[in-house]
Amino acid sequence: DVKVTQSSRYLVKRTGEKVFLECVQDMDHENMFWYRQDPGLGLRLIYFSYDVKMKEKGDIPEGYSVSREKKERFSLILESASTNQTSMYLCASSFPNYEQYFGPGTRLTVT
Amino acid sequence: GQNIDQPTEMTATEGAIVQINCTYQTSGFNGLFWYQQHAGEAPTFLSYNVLDGLEEKGRFSSFLSRSKGYSYLLLKELQMKDSASYLCAVRDGAGGGNKLTFGTGTQLKVEL
């Protein structure tokens with residue numbers, strides 16, 4: 001079975017803090033993705049990566065950055081957390097042109 | 001860009017059949033996915049359509065009409081555990097690789 005893991009299920013941070021969300025997959029997938037999910041807005045793509053050291057902006061990249069130094073790991077970085085970044089963050093991975101597999105999510109609260 | 005519409009909520013009875021519709025407008029199309037998401041859990045893959053027609057997988061079937069920009073997910077013999085949110089997602093064919101755009105999801109409630 002494909003396994004996508006995320007570093008934390010719940011996280012509470014203060015406004016202005018730098019936040020790192022980590023995602024690891026064990027299926028040698030080339031593609032990795034970061035989404036946020038908010039009520040009434042659904043899943044929205046923040047960033048994605050086709051390969052190591054490659055990244056592409058999604059639909060809502062503002063306030064975020066990413067890092068992919070190894071194939072299995074994709075990190076989402078909030079440079080200076082703000083209250084409007086309180087959300088559920090979901091990581092996913094896939095082979096090209098195949099279905100995406102999601103991690104369990106990190107519920108981030110910024111106070 | 002993509003625009004995806006699906007009903008916000010639906011209610012159905014255990015043992016019945018329910019159809020969840022999804023319409024989309026897209027600048028490029030390279031496949032449509034359905035995912036199931038239980039409350040507090042990650043989305044899980046249900047089905048994939050890239051050609052017109054019906055794909056059947058056990059109690060779940062998915063249909064696609066590319067000319068109409070329309071898909072539906074059909075759930076038969078409903079069970080209480082089918083209560084979940086069902087997400088329609090379109091893959092961008094315009095150089096977007098495996099990028100998906102999701103609808104806001106349809107919350108299905110199965111009642112006795």
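Below is a summary of the structure that appears in this document.

Counting its regular elements, chain B contains 0 helices and 11 strands. What you see in chain B, going N to C, is helices and strands ordered as β-β-β-β-β-β-β-β-β-β-β. Here the C-alpha atoms of chain B give a radius of gyration of 14 Å, agreeing with the 13 Å that 2.2 N^0.38 yields for 112 residues. Burial analysis of chain B (112 residues in total) assigns 49% to the buried set. Contacts in chain B between residues far apart in sequence, at least 24 positions, make up 56% of those at least 6 positions apart. Side chains of chain B carry 9 positive and 11 negative charges; the gap between the two charge centres is 5 Å.

As a further point, take the sheet that holds strand 1 (residues 2–5) of chain B. Residue and element names in this part refer to chain B. Reading across from one edge, 1-3-8-7-6 is the order of the 5 strands in this open sheet, with antiparallel pairing throughout. One side of each edge strand has no neighbouring strand; the edge strands of this open sheet are strand 1 and strand 6 (53–57). Put simply, the sheet's adjacent strands are angled 15 degrees from each other on average, direction ignored. Bridge analysis of strand 3 (residues 18–26) against strand 8 (residues 70–75) gives 6 bridges, and the strand direction is antiparallel. Across the sheet, Ile-20 pairs through a bridge with Leu-73, a residue of strand 8.

With that settled, consider the environment of Tyr-101 of chain A. Residue and element names in this part refer to chain A. Counting through the fold element by element, Tyr-101 comes out in strand 10 (residues 101–102). Tyr-101 gets classed as partly exposed once you look at its relative accessible area, which sits at 30%. Residues Tyr-101 and Asp-1, 100 residues apart in the sequence, show an inter-C-alpha distance of 10 Å. A distance of 2.9 Å separates the side chain of Tyr-101 from the side chain of Glu-99, its partner in a polar contact.

Now for a nonpolar patch on the surface. Judged by side-chain polarity, Met-27, Phe-95 and Tyr-98 of chain A come together as a nonpolar surface patch covering roughly 290 Å² of accessible area. Within the secondary structure, Met-27 of chain A sits in the loop between strand 3 (19–25) and strand 4 (31–38).

Another aspect to go through is the pairing of strand 11 (residues 106–111) of chain B. Residue and element names in this part refer to chain B. Side chains Thr-106, Leu-108 and Val-110 of strand 11 all project onto a buried face; the interleaved residues Gln-107, Lys-109 and Glu-111 project onto a face where none is buried. Where strand 2 (residues 9–13) meets strand 11, 5 bridges bridge the pair, whose relative direction is parallel. By the bridge assignment for strand 11, Thr-13 is matched with Glu-111. Where strand 9 (residues 84–91) and strand 11 come together, 3 bridges link them in antiparallel fashion. Bridge assignment links Ser-85 to a residue of strand 11, and that residue is Gln-107.

Contact residues are listed per partner, giving 23 residues for chain A and 19 residues for chain B. Roughly 1,500 Å² is buried in total at the junction of chain A and chain B, and carbon and sulfur atoms are behind 53% of that figure. When the buried area of chain A at its contact with chain B is split by residue, Leu-43, Asn-97 and Phe-102 of chain A rank highest and sum to 29% of it. Taken together, chain A and chain B are joined by 1 salt bridge. Across the salt bridge formed by Lys-99 of chain B and Asp-59 of chain A, the nearest N and O atoms sit 3.5 Å from each other. Our enumeration of links across chain A and chain B arrives at 3 residue pairs in polar contact (both at pLDDT 80 or more). Of all the elements in the fold, those that place two or more residues in the side of chain A that touches chain B are strand 4, strand 5 (42–49) and strand 9 (87–94) of chain A. Residue composition of the side of chain A that touches chain B, by class: 12 nonpolar, 8 polar and 3 charged.

So, about the packing of aromatic side chains. By the definition in use, this model includes 17 aromatic pairs over all chains. One aromatic cluster is present, formed by Phe-33, Tyr-35, Phe-48, Tyr-50 and Phe-102 of chain A together with Phe-33, Tyr-35, Phe-45, Tyr-48 and Phe-102 of chain B through successive ring pairs.

As a working rule, side chains carrying opposite charge can pair if their charged atoms are close by. Under the defined criterion, the tally for this structure stands at 11 salt bridges over all chains. Its salt-bridge partner being Lys-76 of chain B, residue Glu-56 of chain B comes within 3.7 Å of it at the nearest N-O pair. Here Lys-76 of chain B lies in the loop between strand 8 and strand 9 and Glu-56 of chain B lies in strand 6, a separation of 20 residues in the sequence. Take Glu-56 of chain B: its relative accessible area is 57%, and that puts it in the exposed class. Residue classification places Lys-76 of chain B among the partly exposed residues on the basis of a relative accessible area of 28%. Salt bridges here are not isolated pairs; linked through shared partners, they connect Arg-36, Asp-38 and Arg-44 of chain A.

Reading the values: rules and limits
- Residues numbered from 1 in each chain as written.
- Chains lettered and ligands numbered in written order.
- Predicted model: local features only at pLDDT ≥ 70, side-chain atom pairs only at ≥ 80, totals over all residues.
- Heavy atoms only, no water.
- Helix = DSSP H or I, 4+ residues; strand = E, 2+ residues; numbered from the N terminus.
- Rg over C-alpha atoms; globule rule 2.2 N^0.38 Å.
- Buried < 20%, exposed > 50% of the residue type's maximum accessible area, 1.4 Å probe, protein only.
- Contact = heavy atoms within 4.5 Å.
- Lys, Arg positive; Asp, Glu negative; His and termini not counted.
- Charge placed at Lys NZ, Arg CZ, Asp CG, Glu CD.
- Pairing = 2+ DSSP bridges.
- Axes fitted to C-alpha atoms, helices over the stretch in contact; angles between N-to-C directions.
- Polar contact = N/O pair within 3.5 Å; in protein donor to acceptor, adjacent residues only side chain to side chain.
- Patch = residues over 30% accessible without salt bridge, like charges linked within 9 Å, V, L, I, M, F, W, Y side chains within 5 Å.
- Areas by Shrake-Rupley, 256 points an atom, 1.4 Å probe, with all protein chains shown as cover.
- Salt bridge = Lys/Arg side-chain N within 4 Å of Asp/Glu carboxyl O.
- Buried area = accessible area lost by both parts, 1.4 Å probe.
- Nonpolar A, V, L, I, M, F, W, Y, C, P; charged D, E, K, R; others polar.
- Phe/Tyr/Trp six-rings, centres within 6.5 Å; stacked < 30°, edge-to-face > 60°.

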